[in-house]
Amino acid sequence: MARHGGRGWYGQVVAAALGVTAVTVAASLWTAQAGPVKERVQAGTPVHHSDPKAAPVSMAIAHASDRGARGVNITIDDGPDPVWTPEVLQVLKAYGVKATFCMIGPQAKAHPDLVRAVVAAGHRLCDHTVSHDVTMDTKSEAYQSQQILDAEQMITEASGGVRPLYYRAPGGAFTPYSRKLAASHGMRPLGWNVDSKDFERPGTAAIVTTVKEEMPNGPTILFHDAGGDRSETVAALREVLPWLKEQGYSFGFPVR
Ligand SMILES: [Zn+2]
C-alpha cells in the first residue's frame with residue numbers, strides 16, 4: 001500500500017455516499033480557487049472580533065500533512081480537560097511536537113486558560129462541536145449549524161480571538177452541509193487515518209502497537225485528552241512520539 005495513500009474510513013464512506021458528486025464538487029472548488037487557499041490565520045495570531053468570519057477553505061475532508069510525505073499530524077480530541085490537557089501539553093513540549101486540538105465548545109468556555117495554553121504552545125485549534133453528537137449526520141441543518149458555529153464562537157472567545165482552523169465531526173459524522181458550512185468559516189473538515197483507539201483504554205502497549213501498525217494508513221493520528229482517565233494516552237504518546245521521530249517522520253499540521 002502506498003504510504004499515506006489512504007483516505008480514512010469515513011472519507012471512503014462520504015465518497016461512497018456521494019458518488020461522483022463529491023469528486024465533482026471538490027474538483028470544481030479547486031478549479032474555482034485556482035489552487036489551495038492561502039492561510040490567512042496562523043496559529044497564535046489573534047483575530048479581531050469584528051472580523052465576521054475567516055477566509056473560506058476547501059470543504060473536502062483533509063487527511064494529508066503540510067509536511068508532505070514524511071509528515072505526521074497528531075490530533076487530540078474531546079478536550080480541553082483540566083487534568084489531562086496539561087499532561088498532554090507537557091509530553092508534546094518534551095518532544096517538540098505541535099498538534100491539533102479538536103475542542104468541545106462548552107469545555108473550551110469552561111477552561112479558557114487551557115485553550116490559551118494550547119495556542120501559546122503553538123498548537124492549532126479545531127472545532128469539535130458543542131455536544132459531541134455522533135449522530136449529527138442524521139440531524140437538521142439548523143442543528144448542525146448551531147453545533148458547529150456556537151462551538152466556533154466559544155473556542156474563539158476562550159482563546160482570546162484565535163480561531164479554530166479545522167472542523168472535525170464527532171464520530172466522523174460529516175455531512176455535505178456541515179463540511180460546506182465549516183469551510184465557509186475557514187475551518188477545513190478534518191479526518192483521521194490512524195485511530196489509536198486510546199479512548200477504549202486497551203492498555204498503553206496496545207495503543208502504541210495500534211499506531212505503529214496503522215501508520216501505513218496515512219499521516220493523521222487520533223488521540224484523546226478528555227472523556228475519562230487518559231493516563232494510557234499520555235504514556236502512549238511518550239513512546240509513540242520518539243518512535244515516529246526515529247522512523248524519520250516530521251510533525252506538522254493537517255493541510256488546509
Ligand atoms: Zn470526539
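Here, every reference points to the structure presented above.
Residue numbers here run from 1 along each chain, matching the order of that chain's written sequence. Reporting of local features is limited, given that this is a predicted model, to residues whose pLDDT is at least 70; pairs of side-chain atoms are given and counted only at 80 or more, and all residues count toward the totals for whole chains, interfaces and linings. In computing side-chain values, all of the structure's heavy atoms are included and hydrogens and water are not.

1. A look at the pairing of strand β1 (residues 71-77)
Item 1. Of all seven residues in β1, seven are buried; the element is thus mostly enclosed.
Item 2. Neither face of β1 is left uncovered, since the one carrying Gly 71, Asn 73, Thr 75 and Asp 77 and the one carrying Val 72, Ile 74 and Ile 76 both have all their residues buried.
Item 3. Two elements, β1 and strand β8 (residues 250-251), share two bridges in a ladder whose sense is parallel. Across the sheet, Val 72 pairs through a bridge with Phe 251, a residue of β8.
Item 4. Paired strands, as defined in this entry, are two strands with at least two bridges between them according to DSSP. Numbering of helices and strands starts at the N terminus; helices are DSSP runs of H or I of at least 4 residues and strands are runs of E of at least 2. As paired strands, β1 and strand β7 (residues 220-224) are joined by five bridges and run parallel to one another. Across the sheet, the residue bridging to Ile 76 is Phe 223, located in β7.
Item 5. Examined bridge by bridge, β1 and strand β2 (residues 99-103) share four bridges and lie parallel to one another. Considered in β2, the bridge of Ile 74 is made with Ala 99. To sort residues, take the accessible area from a 1.4 Å probe on protein chains only and compare it with the maximum for the residue type: under 20% means buried, over 50% means exposed, and anything in between is partly exposed.

2. Some remarks on the nonpolar core
Note that soluble globular proteins tend to have their nonpolar side chains buried in a common cluster.
Item 1. For the purposes of this section, nonpolar cores are sets of buried Ala, Val, Leu, Ile, Met, Phe, Trp, Tyr and Cys residues that join through side-chain atoms within 4.5 Å. Judged by nonpolar contacts, the single largest core of 36 residues is most densely connected at Ile 74, Phe 101, Met 215, Ile 221, Phe 223 and Leu 244.
Item 2. Listed by contribution, the elements that provide at least two residues to this core are β1, α3 (84-94), β2, α5 (112-120), α6 (141-159), α8 (204-214), β7 and α9 (231-246).
Item 3. Take this core: its biggest share by element is seven residues, from α9.
Item 4. One finds Met 136, Ile 148, Leu 181 and Met 187 within the second-largest nonpolar core, a separate group that totals nine residues.

3. Considering the side chain of Asp 198
Item 1. Counting through the fold element by element, Asp 198 comes out in the loop between β6 (194-195) and α8.
Item 2. As a buried residue without a salt bridge, Asp 198 has its nearest oppositely charged side chain in Arg 230, at a separation of 4.4 Å. Neither His nor the chain ends is counted toward charge; the positive residues are Lys and Arg and the negative residues Asp and Glu. Salt-bridge detection follows one rule: a side-chain nitrogen of Lys or Arg within 4 Å of a carboxyl oxygen of Asp or Glu.

4. Points about the packing of α3 against α9
Item 1. Each axis is a line fitted through C-alpha atoms, and for a helix only the stretch in contact is used; angles between axes span 0 to 180 degrees, taken between their N-to-C directions. In contact at an axis separation of 10 Å, α3 and α9 are set at 10 degrees when each is read in the N-to-C sense. Our classification of the angle between α3 and α9 gives roughly parallel. Residue-level contacts link Trp 84, Glu 87, Val 88, Val 91 and Leu 92 of α3 to Ser 231, Val 234, Leu 237, Arg 238 and Leu 241 of α9.
Item 2. Amino acids are sorted into nonpolar (Ala, Val, Leu, Ile, Met, Phe, Trp, Tyr, Cys and Pro), charged (Asp, Glu, Lys and Arg) and polar (every other residue, Gly among them). Across the contact of α3 with α9, the residue classes tally to seven nonpolar, one polar and two charged. Roughly parallel means an angle under 35 degrees; roughly antiparallel, over 145; roughly perpendicular, 65 to 115; everything else is oblique. In this analysis, two residues are considered to be in contact whenever any of their non-hydrogen atoms come within 4.5 Å of each other.

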